[in-house]
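# Topology and contacts: notes
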Amino acid sequence: MTAIPFALSARHKGFNRAEIVDQNFTEFVQLWQGDVRSAPDGDRRESPRDGQPVLPGSALDARGFRELLESQLISRHLDLMARVLRVQNKVFYTIGSSGHEGNAMVARLTRHTDPAFLHYRSGGFMAERFRKLPGMDPVMDSTLSFAASKDDPASGGRHKVWGSKPLWVLPQTSTIASHLPKALGTAVAIEQARRIGHALPIPDDSIAICSFGDASSNHATAQTAFNAAAWTAYQKLPAPVLFVCEDNGIGISVKTPTGWVASNFQQRSNLDYFYADGLDLAEGYAQVQRAVEHCRTTRRPTFLHLRTTRVMGHAGTDFEIEWRSIEELFAVEASDPLLRSAEIALELGLYSKEELLELYEATRKRCFAGAEEADRRPKLERLDDVMAPLAPYTPAKVKAEAERADYAERRLAAFGGEAKLPESQPPRHLAIQIGQALHDVMAKYPESLLFGEDVAQKGGVYTVTKGLHKAFRNTRVFNTLLDETIILGLAQGYANMGMLPIPEIQYLAYFHNAGDQIRGEASSLQFFSNDQYRNPMVMRIASLGYQRGFGGHFHNDNSITALRDIPGLVVGCASRGDDAATMLRTLMALARVDGRVCAFLEPIALYMTKDLYEAGDGQWQFAYPAPGEAMTLGEGRVYNDDANDLVIFTFGNGVPMALRAARTIESGQGWKVRVVDLRWLAPLNDAFIAAQAKNARRIIVLDEGRKSAGVGEGVITAIVEGGFGSTPLARVVGADTFTPLAGAAFLVLPGEADVVAAAKKLAG
Ligand SMILES: Cc1ncc(C[n+]2csc(CCOP(=O)(O)OP(=O)(O)O)c2C)c(N)n1
Ligand SMILES: [Mg+2]
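### Some thoughts on the coordination of the magnesium ion (ligand 2)
- Around the magnesium ion (ligand 2), the protein contributes the donor atoms Asp214 (OD), Asn248 (OD1) and Ile250 (O), which lie 2.0 to 2.1 Å from the metal centre.
- Spacing between the donor residues of the magnesium ion (ligand 2) along the chain follows D-x33-N-x1-I. Taken together, the residues Asp214 in the loop between β2 (208-213) and α7 (220-234) and Asn248 in the loop between β3 (241-247) and β4 (250-251) connect sequence positions 34 residues apart. Taken individually, Asp214 and Asn248 each receive the classification buried, so the pair is uniform in this respect.

This is how it looks when you write it as structure tokens:
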């Protein structure tokens, strides 16, 4: 890189570094004294023209350079505008891209159909990608997002995001590194689509692009994505993901040890390392090009280490001058890539000083005008509007889709013939019928995939998925590596490419260590993209307590709270096989029709339960519902409909427990007892709960989860808000503790005797 021939800013010790960075550019151009570059023979060279390389041997031509420079300037002036208009409450976000504008090269060298998951410093990338489609305006689109206007085409005013539907930029929330697993998932999905005959919405040779900072590269979620990418490539499976690490040497105020990123990534096998100078367009362009071409042609995970810097602090609220030495700030500001771009432009005679300053000021004007216009546009002013894209639900369409049964031939093939169709079999228990229901939905949706730990040949820890691998082959039913974050990242990737993923989490306790993939990412996509992007999925989780043979907390976790408070997530829990089948059909339909992210909780302790009252009675086995039958979202199951003396609200393991307790209570108290299986735990059907509470003389809420923040609290709230708070009520609920091993587990979980005791108390 050519040294900047100007000791910048030595006079500028001011507090407002944005103003100083701004001034630096103007002064740099005004005071530039270099010569327009001479050709080797001493003749003054003409400026390179369009199509001619800007430097001998460079991959970048004159037009390309001018456009990249313009993109850099747009990005810079959006940052400068944000600093000024933030204090006037006209824009609401000041984390900028200054120093990172070289990422525009990555956009120029890729296609607008290469799905991109971007770092928050992607102003240059976006401005450049906007060129790829005619009629788009990078300034107006961005300022509308800065201003949180309802007209923001990316998020509809819900967040300042880099995002665009036509440009395949899927908006990101600002949890660092959380987007890497789904970027890898998208890359894997691009390749897998062909193998299952699924038509991609983008060209077959697309790559997934994912950018992030140097500090973020250390995050567990980033590391698992690098590892999974390498794990994939090691097996010679394609994973065309371009990881772009924008290394500015710092994360907020913590410096990355010098050389760490190179040292950490240069030698990783199966993650191919490339370096590019993001501070210098002339130097960096060919380097970026090599990385992009490598990724596209070899289909291997590629790590592009892009040198950047960070000027103007982490955000507008970061007054670096308070915690960094002025000498350090001078040095950082002197490495500003826009000064280098100005130098190239002047040296090559692509712009005169006046032209460059004119362009600079015209871009400033454009960004301010855009922001002022955005400020006049409407904001989100009603709660309904804010929430509209979060959890779309079109009941009639979902019902029609769930009941659709036009796949008889594929179904016959999946089950192995007419005689083996599950509805022709005698009543069976939960584990068998979940397996049958999965055969059914996978036959119905050729774009569905089932994956997780041990799910393939073994059929899962509880053999629930047994037979699916044989029926649908390795391309659709497969084992992943052991990492829940990646399982859920893959799910998002497949969904992004139009497939219908059914990821399995082996135990509920292991959902929690990957929960952010659902909480921060999958469930937020429709919200932050104004429902332009959807990542539908049905996540199966083996759940809850009461296992007799396999004890301890981590196999008996009963915390549903962590799922219930994720906005938009649908949570269903079936306590019997026929309900599992009809519920799964509806969950798949919710995913397909409305793009919903769904969780299906499978009570492990009921998997093999066949009897209800006495050993051998076979009363917890049910006939398999033939296709055409489905369960409405929110619809519970009521046992003993017209009994009013006592109503027990419950779900999961609580259902057979309540039915058994009801028998004892009926004979002891002489009451008629109704049992209500909620089946849907999120959203809770408040109206249904209130309707069931209406004629109840007494109520028991039986919740196998924990006392604090469990489902039971929601049920009681619905009863009270429904106007039935004066009905005598008792709650039978798990303790606020982890579940111990062996018999002690039953001390912390509610049992049949507790329900009977609660009824006695209500009688007293
Ligand atoms: C999971 C998570 N932890 C912490 C943060 C807060 N945070 C936001 S940006 C940042 C530093 C990121 O640094 P780097 O990855 O180098 O990116 P840069 O801002 O330097 O471009 C931190 C700690 C976050 N957004 N997400
Ligand atoms: Mg950084």
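### Some thoughts on the nonpolar core
- Core analysis: the largest hydrophobic core is formed by 84 residues, its most contacted members being Phe243, Phe303, Phe511, Ile518, Leu563 and Phe649.
- If one sorts the elements of this core by residue count, helix α6 (residues 180-195) sits on top with eight residues.
- Those residues within four positions of Phe243 in sequence are excluded, and the remaining contacts are Leu180, Cys210, Phe212, Ala225, Phe226, Ala229, Leu271, Thr302, Phe303 and Leu304.

### Some points on the packing of helix α2 (residues 62-86) against helix α11 (residues 337-347)
- Remark: α2 packs on α11, axes separated minimally by 11 Å, with the N-to-C direction vectors making an angle of 150°. Seen along the crossing, α2 lies across α11 with a hand that is left-handed. Residue-level inspection shows Phe65, Leu69, Gln72, Leu73 and Arg76 of α2 in contact with α11, the latter providing Leu338, Ser341, Ile344 and Ala345.
- By residue class, the composition of the contact of α2 with α11 is six nonpolar, two polar and one charged.

### A closer look at the sheet that holds strand β19 (residues 729-734)
- The strand order across the open sheet built from five strands is β14-β16-β15-β18-β19, with neighbouring strands paired in mixed fashion. In the strand order of this sheet, the two ends are held by β14 (637-639) and β19, each with one partner. The sheet shows a mean angle of 20° between the axes of neighbouring strands, taken without regard to direction.
- In this sheet, β19 lies alongside strand β18 (residues 699-706) in parallel orientation, the contact comprising six bridges. Within β19, the position partnered with Ile700 by the bridge is Ala730.
- The strands touched by helix α24 (residues 654-669) are β14, β15 (646-650), β16 (673-677) and β18; relative to β16, the strand with the most contacts, the crossing angle is about 175°.

The rules we used
- Residues numbered from 1 in each chain as written.
- Chains lettered and ligands numbered in written order.
- Predicted model: local features only at pLDDT ≥ 70, side-chain atom pairs only at ≥ 80, totals over all residues.
- Heavy atoms only, no water.
- Donors = N, O, S within 2.8 Å, 3.2 Å for Na, K, Ca; no water.
- Helix = DSSP H or I, 4+ residues; strand = E, 2+ residues; numbered from the N terminus.
- Buried < 20%, exposed > 50% of the residue type's maximum accessible area, 1.4 Å probe, protein only.
- Core = buried A, V, L, I, M, F, W, Y, C linked by side-chain atoms within 4.5 Å.
- Contact = heavy atoms within 4.5 Å.
- Axes fitted to C-alpha atoms, helices over the stretch in contact; angles between N-to-C directions.
- Left-handed = near helix turned anticlockwise from the far one by under 90°.
- Nonpolar A, V, L, I, M, F, W, Y, C, P; charged D, E, K, R; others polar.
- Pairing = 2+ DSSP bridges.

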